[in-house]
Amino acid sequence: MQFIDLKAQYQALKTEIDENIRAVLEAGQYIGGAPVKELEEKLAAFVGRKHCISCANGTDALQIAFMVYGIGAGDAVFCPDITFISSTEPSKMFGAASVFCDIQPDTYNLCPESLEKQIQAVLAEGKLKPKAVVAVDILGNPCDYDAIIPICEKYGLILIEDAAQSFGASYKGKKCCAFGQIATTSFFPAKPLGCYGDGGAIFVDDDEIAALIRSICVHGKGPKGKYDNVRVGMNSRLDTLQAAILLPKFKALEEHEVADRQVVAKRYNEAFATLFTTPFVQEGCESVYAQYAILAKDTATRDKVVAHLTEKKIPNMIYYPTPQHALPVFKDEPCYGEEFKVANDYCARTLSLPMHPYLEAEEQQHVIDAVLEAL
Ligand SMILES: *Cc1c(COP(=O)(O)O)cnc(C)c1O
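Residues numbered from 1 in each chain as written. Predicted model: local features only at pLDDT ≥ 70, side-chain atom pairs only at ≥ 80, totals over all residues. Heavy atoms only, no water.

**Here's the deal with the sheet that holds strand β8 (residues 182-186)**
Paired through backbone hydrogen bonds, the strands of a sheet run either parallel or antiparallel to each other. Strand order across the open sheet formed by 7 strands is β1-β9-β8-β5-β4-β2-β3, with mixed pairing between neighbours. Strands with a single pairing partner mark the edges of an open sheet, and in this sheet they are β1 (51-55) and β3 (97-101). Taken over all neighbouring pairs, the strand axes of this sheet differ in orientation by 25° on average, direction set aside. As paired elements, β1 and strand β9 (residues 200-204) share 5 bridges and run antiparallel to each other. Pairing of cysteine 52 across the sheet is with phenylalanine 203, part of β9. Strands β1 and β9 of the sheet are contacted by helix α2 (residues 34-47), whose axis makes an angle of about 130° with β1. This element, helix α7 (residues 207-217), spans β1, β8 and β9 of the sheet and lies at about 10° to β1. (Pairing = 2+ DSSP bridges. Helix = DSSP H or I, 4+ residues; strand = E, 2+ residues; numbered from the N terminus. Axes fitted to C-alpha atoms, helices over the stretch in contact; angles between N-to-C directions. Contact = heavy atoms within 4.5 Å.)

As C-alpha coordinates, then:
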(Lines give C-alpha, C1' and ligand atoms only; values in the text may rest on other atoms or scores of the structure.)
Protein backbone atom coordinates (compact mmCIF):
# COMPACT_ATOMS: atom_id res chain seq x y z
CA MET A 1 0.00 0.00 0.00
CA GLN A 2 1.16 3.52 -0.81
CA PHE A 3 0.69 6.64 1.32
CA ILE A 4 0.05 8.60 -1.90
CA ASP A 5 -0.27 6.26 -4.87
CA LEU A 6 1.38 8.04 -7.80
CA LYS A 7 1.72 4.78 -9.72
CA ALA A 8 -2.06 4.21 -9.67
CA GLN A 9 -2.55 7.73 -11.00
CA TYR A 10 0.03 7.15 -13.72
CA GLN A 11 -1.74 3.95 -14.80
CA ALA A 12 -5.01 5.87 -15.09
CA LEU A 13 -3.46 8.71 -17.13
CA LYS A 14 -0.69 6.78 -18.89
CA THR A 15 -1.82 7.22 -22.49
CA GLU A 16 -1.99 11.01 -22.28
CA ILE A 17 1.12 11.43 -20.14
CA ASP A 18 3.24 9.18 -22.38
CA GLU A 19 1.98 10.94 -25.48
CA ASN A 20 2.80 14.37 -24.02
CA ILE A 21 6.30 13.32 -22.94
CA ARG A 22 6.98 11.87 -26.39
CA ALA A 23 5.78 15.08 -28.07
CA VAL A 24 8.26 17.14 -26.01
CA LEU A 25 11.11 14.76 -26.80
CA GLU A 26 10.29 14.88 -30.50
CA ALA A 27 10.00 18.68 -30.52
CA GLY A 28 13.38 18.90 -28.78
CA GLN A 29 12.58 22.06 -26.80
CA TYR A 30 13.04 21.53 -23.09
CA ILE A 31 12.79 25.01 -21.58
CA GLY A 32 9.61 27.09 -21.99
CA GLY A 33 7.50 26.52 -25.08
CA ALA A 34 3.86 25.71 -25.73
CA PRO A 35 3.17 23.26 -22.83
CA VAL A 36 4.41 25.78 -20.22
CA LYS A 37 2.31 28.57 -21.72
CA GLU A 38 -0.79 26.36 -22.01
CA LEU A 39 -0.43 25.18 -18.40
CA GLU A 40 0.01 28.72 -17.06
CA GLU A 41 -3.08 29.91 -18.93
CA LYS A 42 -5.21 26.97 -17.77
CA LEU A 43 -4.14 27.25 -14.12
CA ALA A 44 -4.70 31.02 -14.03
CA ALA A 45 -8.21 30.58 -15.48
CA PHE A 46 -8.99 27.73 -13.07
CA VAL A 47 -8.06 29.65 -9.92
CA GLY A 48 -9.48 32.94 -11.23
CA ARG A 49 -6.27 34.98 -11.37
CA LYS A 50 -5.01 37.14 -14.21
CA HIS A 51 -1.48 35.69 -14.17
CA CYS A 52 0.18 32.38 -13.42
CA ILE A 53 3.98 32.33 -13.61
CA SER A 54 5.48 28.86 -13.29
CA CYS A 55 8.82 28.35 -11.56
CA ALA A 56 11.15 25.62 -10.31
CA ASN A 57 9.44 24.69 -7.02
CA GLY A 58 7.13 25.94 -4.30
CA THR A 59 9.99 27.16 -2.13
CA ASP A 60 11.32 29.38 -4.95
CA ALA A 61 7.77 30.63 -5.49
CA LEU A 62 7.65 31.86 -1.88
CA GLN A 63 11.15 33.35 -2.04
CA ILE A 64 10.20 35.20 -5.20
CA ALA A 65 7.09 36.56 -3.44
CA PHE A 66 9.37 37.98 -0.73
CA MET A 67 11.68 39.49 -3.38
CA VAL A 68 8.74 41.11 -5.20
CA TYR A 69 7.69 43.00 -2.08
CA GLY A 70 11.23 43.68 -0.86
CA ILE A 71 10.66 41.91 2.45
CA GLY A 72 13.85 41.96 4.50
CA ALA A 73 15.75 43.32 7.47
CA GLY A 74 13.57 45.10 10.02
CA ASP A 75 10.35 43.49 8.78
CA ALA A 76 8.10 41.17 10.75
CA VAL A 77 6.42 38.39 8.78
CA PHE A 78 3.52 36.63 10.48
CA CYS A 79 3.01 32.96 9.79
CA PRO A 80 1.24 29.98 11.33
CA ASP A 81 3.10 27.82 13.83
CA ILE A 82 2.06 24.67 11.94
CA THR A 83 3.48 24.50 8.44
CA PHE A 84 6.39 23.19 6.40
CA ILE A 85 9.68 25.10 6.67
CA SER A 86 9.33 26.54 3.12
CA SER A 87 6.66 28.97 4.38
CA THR A 88 8.94 30.46 7.01
CA GLU A 89 12.40 29.98 5.48
CA PRO A 90 12.31 33.04 3.18
CA SER A 91 11.96 35.40 6.17
CA LYS A 92 15.15 34.07 7.65
CA MET A 93 16.88 34.03 4.28
CA PHE A 94 16.14 37.70 3.60
CA GLY A 95 16.85 38.89 7.15
CA ALA A 96 13.24 39.48 8.23
CA ALA A 97 11.86 38.12 11.50
CA SER A 98 9.29 35.34 11.59
CA VAL A 99 6.55 36.00 14.09
CA PHE A 100 4.69 32.76 14.63
CA CYS A 101 0.98 32.70 15.39
CA ASP A 102 -1.08 29.97 16.99
CA ILE A 103 -3.49 27.91 14.88
CA GLN A 104 -7.26 27.44 14.96
CA PRO A 105 -8.35 24.38 16.95
CA ASP A 106 -10.70 23.16 14.19
CA THR A 107 -8.95 23.75 10.83
CA TYR A 108 -5.35 23.92 12.21
CA ASN A 109 -4.86 27.04 10.07
CA LEU A 110 -3.54 30.50 11.06
CA CYS A 111 -5.64 31.81 13.95
CA PRO A 112 -6.90 35.35 13.20
CA GLU A 113 -7.06 36.29 16.91
CA SER A 114 -3.48 35.18 17.51
CA LEU A 115 -2.41 37.01 14.33
CA GLU A 116 -3.90 40.32 15.51
CA LYS A 117 -2.44 39.86 18.99
CA GLN A 118 1.03 39.27 17.54
CA ILE A 119 0.77 42.29 15.20
CA GLN A 120 -0.16 44.48 18.16
CA ALA A 121 2.72 43.08 20.21
CA VAL A 122 5.19 43.91 17.42
CA LEU A 123 3.76 47.43 17.13
CA ALA A 124 3.88 47.94 20.90
CA GLU A 125 7.51 46.89 21.04
CA GLY A 126 8.31 49.26 18.17
CA LYS A 127 11.41 47.48 16.84
CA LEU A 128 10.10 45.68 13.76
CA LYS A 129 7.77 46.82 11.00
CA PRO A 130 4.77 44.51 10.50
CA LYS A 131 5.08 43.77 6.78
CA ALA A 132 3.46 40.55 5.56
CA VAL A 133 1.36 37.52 6.45
CA VAL A 134 2.04 34.08 4.99
CA ALA A 135 -1.29 32.25 5.20
CA VAL A 136 -0.86 28.52 4.63
CA ASP A 137 -3.82 26.35 3.58
CA ILE A 138 -2.60 23.51 5.74
CA LEU A 139 -3.34 19.89 4.76
CA GLY A 140 -5.21 21.23 1.72
CA ASN A 141 -7.86 23.08 3.75
CA PRO A 142 -8.30 26.81 3.05
CA CYS A 143 -7.60 29.43 5.72
CA ASP A 144 -10.38 31.64 7.02
CA TYR A 145 -9.78 34.48 4.56
CA ASP A 146 -12.89 36.44 5.58
CA ALA A 147 -11.22 36.91 8.96
CA ILE A 148 -7.59 37.24 7.79
CA ILE A 149 -8.02 39.72 4.91
CA PRO A 150 -9.58 42.52 7.05
CA ILE A 151 -6.67 42.20 9.52
CA CYS A 152 -4.14 42.52 6.68
CA GLU A 153 -6.01 45.56 5.37
CA LYS A 154 -6.30 47.18 8.81
CA TYR A 155 -2.52 47.00 9.41
CA GLY A 156 -1.42 47.46 5.77
CA LEU A 157 0.14 44.01 5.49
CA ILE A 158 0.90 42.11 2.30
CA LEU A 159 -0.99 38.81 2.23
CA ILE A 160 0.87 35.86 0.70
CA GLU A 161 -1.21 32.70 0.26
CA ASP A 162 0.93 29.57 0.50
CA ALA A 163 -1.31 27.17 -1.40
CA ALA A 164 1.36 24.46 -1.83
CA GLN A 165 -1.00 21.91 -0.28
CA SER A 166 -4.32 23.31 -1.47
CA PHE A 167 -4.36 23.49 -5.27
CA GLY A 168 -7.93 22.55 -6.25
CA ALA A 169 -9.45 23.46 -2.87
CA SER A 170 -11.92 26.33 -2.52
CA TYR A 171 -13.11 28.89 -0.01
CA LYS A 172 -16.64 30.27 -0.32
CA GLY A 173 -16.81 30.13 -4.10
CA LYS A 174 -13.18 31.10 -4.78
CA LYS A 175 -10.36 28.71 -5.53
CA CYS A 176 -7.22 28.53 -3.41
CA CYS A 177 -4.38 30.48 -5.10
CA ALA A 178 -6.85 33.37 -5.53
CA PHE A 179 -6.21 34.97 -2.12
CA GLY A 180 -3.84 37.76 -1.16
CA GLN A 181 -1.76 40.06 -3.36
CA ILE A 182 0.22 36.98 -4.33
CA ALA A 183 -0.28 33.22 -4.01
CA THR A 184 2.15 30.36 -4.50
CA THR A 185 1.82 26.64 -5.05
CA SER A 186 4.05 23.58 -5.45
CA PHE A 187 4.02 20.72 -7.96
CA PHE A 188 6.18 18.44 -5.79
CA PRO A 189 5.04 14.90 -6.73
CA ALA A 190 3.03 14.25 -3.54
CA LYS A 191 1.04 17.53 -3.65
CA PRO A 192 -2.56 17.49 -4.89
CA LEU A 193 -1.29 18.66 -8.30
CA GLY A 194 2.16 17.11 -8.60
CA CYS A 195 4.60 16.66 -11.47
CA TYR A 196 7.37 14.06 -11.85
CA GLY A 197 10.07 16.12 -10.17
CA ASP A 198 10.04 19.67 -8.82
CA GLY A 199 7.81 22.49 -9.97
CA GLY A 200 5.90 25.46 -8.66
CA ALA A 201 3.83 28.49 -9.62
CA ILE A 202 3.02 32.03 -8.54
CA PHE A 203 -0.37 33.68 -9.04
CA VAL A 204 -1.04 37.44 -9.18
CA ASP A 205 -3.55 39.84 -10.74
CA ASP A 206 -1.31 42.89 -11.16
CA ASP A 207 0.32 43.17 -14.64
CA GLU A 208 3.42 45.01 -13.43
CA ILE A 209 4.06 42.52 -10.64
CA ALA A 210 3.61 39.66 -13.09
CA ALA A 211 6.28 41.22 -15.34
CA LEU A 212 8.58 41.70 -12.34
CA ILE A 213 8.17 38.02 -11.39
CA ARG A 214 8.98 36.92 -14.96
CA SER A 215 12.13 39.03 -14.74
CA ILE A 216 13.16 37.62 -11.34
CA CYS A 217 12.65 34.05 -12.60
CA VAL A 218 15.19 34.62 -15.40
CA HIS A 219 18.16 36.29 -13.65
CA GLY A 220 16.50 39.70 -13.46
CA LYS A 221 16.17 40.00 -17.24
CA GLY A 222 15.32 43.43 -18.65
CA PRO A 223 13.30 44.66 -21.63
CA LYS A 224 16.08 43.64 -24.05
CA GLY A 225 16.08 40.04 -22.81
CA LYS A 226 18.10 37.56 -20.88
CA TYR A 227 21.49 39.35 -21.22
CA ASP A 228 20.02 42.71 -20.22
CA ASN A 229 20.09 42.02 -16.48
CA VAL A 230 18.47 44.87 -14.58
CA ARG A 231 18.07 43.35 -11.10
CA VAL A 232 19.19 40.39 -9.02
CA GLY A 233 17.07 37.40 -9.90
CA MET A 234 17.12 33.62 -9.85
CA ASN A 235 17.09 30.76 -12.31
CA SER A 236 13.65 29.37 -11.57
CA ARG A 237 11.68 27.71 -14.34
CA LEU A 238 9.28 24.84 -14.80
CA ASP A 239 10.69 22.32 -17.27
CA THR A 240 8.76 21.80 -20.50
CA LEU A 241 8.55 18.07 -19.68
CA GLN A 242 6.99 18.81 -16.28
CA ALA A 243 4.42 21.13 -17.86
CA ALA A 244 3.57 18.43 -20.39
CA ILE A 245 3.08 15.95 -17.52
CA LEU A 246 1.02 18.43 -15.50
CA LEU A 247 -1.49 19.12 -18.29
CA PRO A 248 -3.28 15.73 -18.18
CA LYS A 249 -2.87 15.63 -14.39
CA PHE A 250 -4.56 19.01 -14.08
CA LYS A 251 -7.40 17.78 -16.31
CA ALA A 252 -7.90 14.76 -14.03
CA LEU A 253 -7.81 16.98 -10.94
CA GLU A 254 -10.45 19.26 -12.41
CA GLU A 255 -12.66 16.50 -13.79
CA HIS A 256 -12.70 14.01 -10.92
CA GLU A 257 -9.77 13.92 -8.51
CA VAL A 258 -11.02 16.69 -6.20
CA ALA A 259 -14.38 14.90 -6.04
CA ASP A 260 -12.72 11.50 -5.49
CA ARG A 261 -10.75 12.95 -2.57
CA GLN A 262 -14.06 13.96 -0.93
CA VAL A 263 -15.30 10.36 -1.21
CA VAL A 264 -12.16 8.98 0.45
CA ALA A 265 -12.28 11.61 3.22
CA LYS A 266 -15.95 10.88 3.86
CA ARG A 267 -15.29 7.17 4.35
CA TYR A 268 -12.58 7.96 6.92
CA ASN A 269 -14.77 10.61 8.60
CA GLU A 270 -17.59 8.12 9.07
CA ALA A 271 -15.31 5.41 10.43
CA PHE A 272 -13.53 7.67 12.92
CA ALA A 273 -16.22 10.19 13.91
CA THR A 274 -16.62 9.06 17.51
CA LEU A 275 -13.06 7.90 18.22
CA PHE A 276 -10.86 10.68 16.81
CA THR A 277 -11.10 14.33 15.94
CA THR A 278 -11.68 14.21 12.18
CA PRO A 279 -10.93 17.09 9.75
CA PHE A 280 -13.19 20.13 9.94
CA VAL A 281 -13.95 22.02 6.75
CA GLN A 282 -15.71 25.36 7.06
CA GLU A 283 -19.22 25.78 5.56
CA GLY A 284 -19.01 26.64 1.85
CA CYS A 285 -15.42 25.40 1.56
CA GLU A 286 -13.80 22.32 0.09
CA SER A 287 -10.50 20.80 1.19
CA VAL A 288 -8.36 18.73 -1.19
CA TYR A 289 -7.02 16.69 1.74
CA ALA A 290 -3.38 16.90 0.71
CA GLN A 291 -3.14 14.96 3.96
CA TYR A 292 -5.91 13.24 5.89
CA ALA A 293 -5.03 13.95 9.54
CA ILE A 294 -6.87 12.76 12.62
CA LEU A 295 -6.21 13.72 16.25
CA ALA A 296 -6.11 10.95 18.83
CA LYS A 297 -7.36 11.63 22.36
CA ASP A 298 -3.79 11.83 23.65
CA THR A 299 -0.18 11.22 22.58
CA ALA A 300 -0.09 7.68 23.98
CA THR A 301 -3.10 6.69 21.86
CA ARG A 302 -1.61 8.34 18.77
CA ASP A 303 1.69 6.52 19.29
CA LYS A 304 -0.13 3.21 19.83
CA VAL A 305 -1.94 3.64 16.48
CA VAL A 306 1.32 4.60 14.73
CA ALA A 307 3.08 1.50 16.12
CA HIS A 308 0.26 -0.81 15.06
CA LEU A 309 0.00 0.64 11.54
CA THR A 310 3.76 0.47 11.10
CA GLU A 311 3.78 -3.15 12.26
CA LYS A 312 1.06 -3.95 9.69
CA LYS A 313 3.09 -2.11 7.01
CA ILE A 314 0.43 0.53 6.55
CA PRO A 315 2.10 3.84 5.65
CA ASN A 316 1.47 6.67 8.10
CA MET A 317 3.05 10.06 8.76
CA ILE A 318 3.03 12.86 11.30
CA TYR A 319 2.49 16.26 9.69
CA TYR A 320 4.19 17.85 11.59
CA PRO A 321 6.05 16.57 14.63
CA THR A 322 7.42 20.01 15.60
CA PRO A 323 5.76 23.43 15.52
CA GLN A 324 7.80 26.13 13.78
CA HIS A 325 8.52 28.10 16.98
CA ALA A 326 10.31 25.06 18.44
CA LEU A 327 12.58 24.37 15.45
CA PRO A 328 16.31 24.89 16.17
CA VAL A 329 16.66 27.22 13.16
CA PHE A 330 14.20 29.66 14.80
CA LYS A 331 15.64 29.62 18.31
CA ASP A 332 16.52 33.34 18.11
CA GLU A 333 13.25 34.59 16.59
CA PRO A 334 11.44 37.26 18.59
CA CYS A 335 8.86 36.05 21.10
CA TYR A 336 5.82 37.94 22.31
CA GLY A 337 4.44 35.68 24.98
CA GLU A 338 2.31 33.52 22.67
CA GLU A 339 2.18 30.06 24.22
CA PHE A 340 1.13 28.13 21.07
CA LYS A 341 -1.19 25.94 23.12
CA VAL A 342 -3.22 24.77 20.14
CA ALA A 343 -0.22 24.13 17.90
CA ASN A 344 1.63 22.16 20.58
CA ASP A 345 -1.46 20.08 21.29
CA TYR A 346 -1.98 19.45 17.56
CA CYS A 347 1.60 18.14 17.13
CA ALA A 348 1.20 15.90 20.16
CA ARG A 349 -1.92 14.15 18.85
CA THR A 350 -1.90 14.29 15.04
CA LEU A 351 -1.52 11.38 12.65
CA SER A 352 -1.95 11.23 8.86
CA LEU A 353 -3.28 8.21 6.98
CA PRO A 354 -2.96 7.07 3.34
CA MET A 355 -4.90 9.54 1.21
CA HIS A 356 -5.13 9.94 -2.56
CA PRO A 357 -7.90 10.01 -5.17
CA TYR A 358 -7.20 6.44 -6.30
CA LEU A 359 -7.63 4.82 -2.87
CA GLU A 360 -10.18 2.03 -3.33
CA ALA A 361 -12.82 1.35 -0.66
CA GLU A 362 -11.45 -2.11 0.05
CA GLU A 363 -7.88 -0.94 0.54
CA GLN A 364 -9.12 1.93 2.69
CA GLN A 365 -11.14 -0.46 4.84
CA HIS A 366 -7.88 -2.28 5.59
CA VAL A 367 -6.44 1.00 6.96
CA ILE A 368 -9.60 1.71 8.96
CA ASP A 369 -9.64 -1.80 10.45
CA ALA A 370 -5.99 -1.50 11.48
CA VAL A 371 -6.58 1.87 13.18
CA LEU A 372 -9.58 0.48 15.06
CA GLU A 373 -7.68 -2.66 16.05
CA ALA A 374 -4.94 -0.51 17.58
CA LEU A 375 -7.46 1.00 19.99
C1 LIG B 1 5.57 21.54 -0.09
C2 LIG B 1 5.39 22.84 0.51
C3 LIG B 1 6.09 23.98 0.08
C4 LIG B 1 7.26 23.94 -0.86
O5 LIG B 1 7.14 23.29 -2.02
P6 LIG B 1 8.40 22.66 -2.78
O7 LIG B 1 7.90 22.56 -4.18
O8 LIG B 1 8.68 21.34 -2.16
O9 LIG B 1 9.55 23.59 -2.68
C10 LIG B 1 5.76 25.21 0.62
N11 LIG B 1 4.82 25.32 1.57
C12 LIG B 1 4.14 24.25 2.04
C13 LIG B 1 3.10 24.47 3.08
C14 LIG B 1 4.41 22.97 1.56
O15 LIG B 1 3.74 21.92 2.03
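**Brief notes about the site of the ligand**
Around the ligand, a shell composed of 15 residues is seen, among which Gly58, Thr59, Asp162, Ser186 and Lys191 lie nearest. Here an oxygen atom of the ligand sits 2.5 Å away from a polar atom, N or O, in the side chain of threonine 59. Aspartate 162 places a polar side-chain atom, nitrogen or oxygen, 2.7 Å from a nitrogen atom of the ligand. The fraction of the free accessible surface of the ligand (380 Å²) that becomes covered by protein chains is 92%. Among the elements that make up the shell around the ligand, the one with the highest residue count is helix α3 (residues 58-68) (3 residues). Grouping the constituent residues of the shell around the ligand by class yields 4 nonpolar, 9 polar and 2 charged. (Near = heavy atom within 4 Å. Polar contact = N/O pair within 3.5 Å; in protein donor to acceptor, adjacent residues only side chain to side chain. Areas by Shrake-Rupley, 256 points an atom, 1.4 Å probe, with all protein chains shown as cover. Nonpolar A, V, L, I, M, F, W, Y, C, P; charged D, E, K, R; others polar.)

**Focus on the packing of helix α8 (residues 240-272) against helix α11 (residues 361-374)**
For the pair α8 and α11, interaxial distance at closest approach is 11 Å and the crossing angle is 30°. Of the possible angle classes, the one that applies to α8 and α11 is roughly parallel. In terms of crossing hand, the pair formed by α8 and α11 is right-handed. Between α8 and α11, the residues in contact are Val264, Arg267, Tyr268, Ala271 and Phe272 and Ala361, Gln364, Val367, Ile368, Val371 and Leu372, respectively. By residue class, the composition of the contact of α8 with α11 is 9 nonpolar, 1 polar and 1 charged. (Parallel < 35°, antiparallel > 145°, perpendicular 65-115°, else oblique. Left-handed = near helix turned anticlockwise from the far one by under 90°.)

Take it as geometry only, folks, not as evidence of what the structure does.
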